[in-house]
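# Coordinates in review
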Amino acid sequence: MLDRVTFPGATEMTRVDRWLCAVRLVKTRPLATRLCEGGHVLVNGLQAKPSTKVRTGDRVEAFIADRARIVEVIRPIESRVGAAVAATCYVDHTPPVAVPETPPGITLVRGEGRPGKRLRRELERLRRAGGA
């Protein structure tokens, strides 16, 4: 399937904005272009323009959605593919995200809605006591 969606002449290199979109690191190509223009994408340690070419073995560092992603290009594709195929086109070297701990004593239950005035005041008291 990957051979069908990839242009045969472009298998050795492709634009970084097209590649970021094709491997599903960003939702759209215009978003990838804006990230490159804003200086949020590095290819091999150098700031990348949207037209910067990526090849097999290049290291792409991108700050996407408040998270730094570090990936190594395995296969430079141009067309967007399914998630299973896209995962085979790069190796993710991103460090794991630390999950923030909830304060002791209060457990938030998803779907209960907005906390009432009394519960909000208790939460604020616990936050101030934990941060002071």
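Figured I'd write up the structure that's included with this text. Every value quoted in this text rests on a predicted model; they were computed, and no experiment measured them.

The rules behind these values
Residues numbered from 1 in each chain as written. Predicted model: local features only at pLDDT ≥ 70, side-chain atom pairs only at ≥ 80, totals over all residues. Heavy atoms only, no water. Helix = DSSP H or I, 4+ residues; strand = E, 2+ residues; numbered from the N terminus. Buried < 20%, exposed > 50% of the residue type's maximum accessible area, 1.4 Å probe, protein only. Contact = heavy atoms within 4.5 Å. Areas by Shrake-Rupley, 256 points an atom, 1.4 Å probe, with all protein chains shown as cover. Arc of directions from axis to C-beta. Polar contact = N/O pair within 3.5 Å; in protein donor to acceptor, adjacent residues only side chain to side chain.

With that settled, the discussion passes to the overall build of the protein. Helices and strands together make up the secondary structure of the protein, namely five helices and seven strands. Here the protein, with 132 residues, has 30% of them falling under the buried criterion. In the protein, the share of contacts with a sequence separation of at least 24, taken over all contacts with a separation of at least 6, comes to 49%. As presented, the protein carries roughly 9100 Å² of accessible surface, and 54% of it is formed by carbon and sulfur atoms.

The subject of this paragraph is the environment of Lys49. In this fold, Lys49 is placed in the loop between β3 (46-47) and β4 (53-55). Taking the C-alpha atoms as reference points, Lys49 and Asp17, 32 residues apart in sequence, are found 8.4 Å from one another. When residues no more than four places from it in sequence are discounted, the contact partners of Lys49 are Val16 and Cys36.

Turning to helix α3 (residues 29-37), a few remarks are in order. Among the residues of α3, those classed as buried are Ala32, Thr33, Leu35 and Cys36. The buried residues of α3 occupy an angular sector of 160 degrees when the element is viewed end-on, so they sit on one face. Set apart from the buried face of α3 by more than 90 degrees, the exposed residues are Pro30, Arg34 and Glu37. Taken together, the buried residues of α3 touch α2 (16-22), β2 (41-43) and β5 (59-64). Regarding α3, its N-cap is Thr28, as a side-chain oxygen of that residue lies 3.3 Å from the backbone nitrogen of Leu31 further along. In the segment just after α3, Gly39 is the residue with positive phi, at about 85 degrees.

Our next topic: the side chain of Asp17. With respect to the element layout, Asp17 can be found in helix α2. Assessed through its relative accessible area of 1%, Asp17 is described here as buried. For Asp17, the side chain forms a polar contact with the side chain of Arg15, separated by 3.1 Å. Non-local contacts of Asp17, meaning those with residues more than four positions away in its chain, are made with Arg29, Ala32, Thr33 and Pro50.

Purely geometric stuff here, so don't read any function into it on its own.
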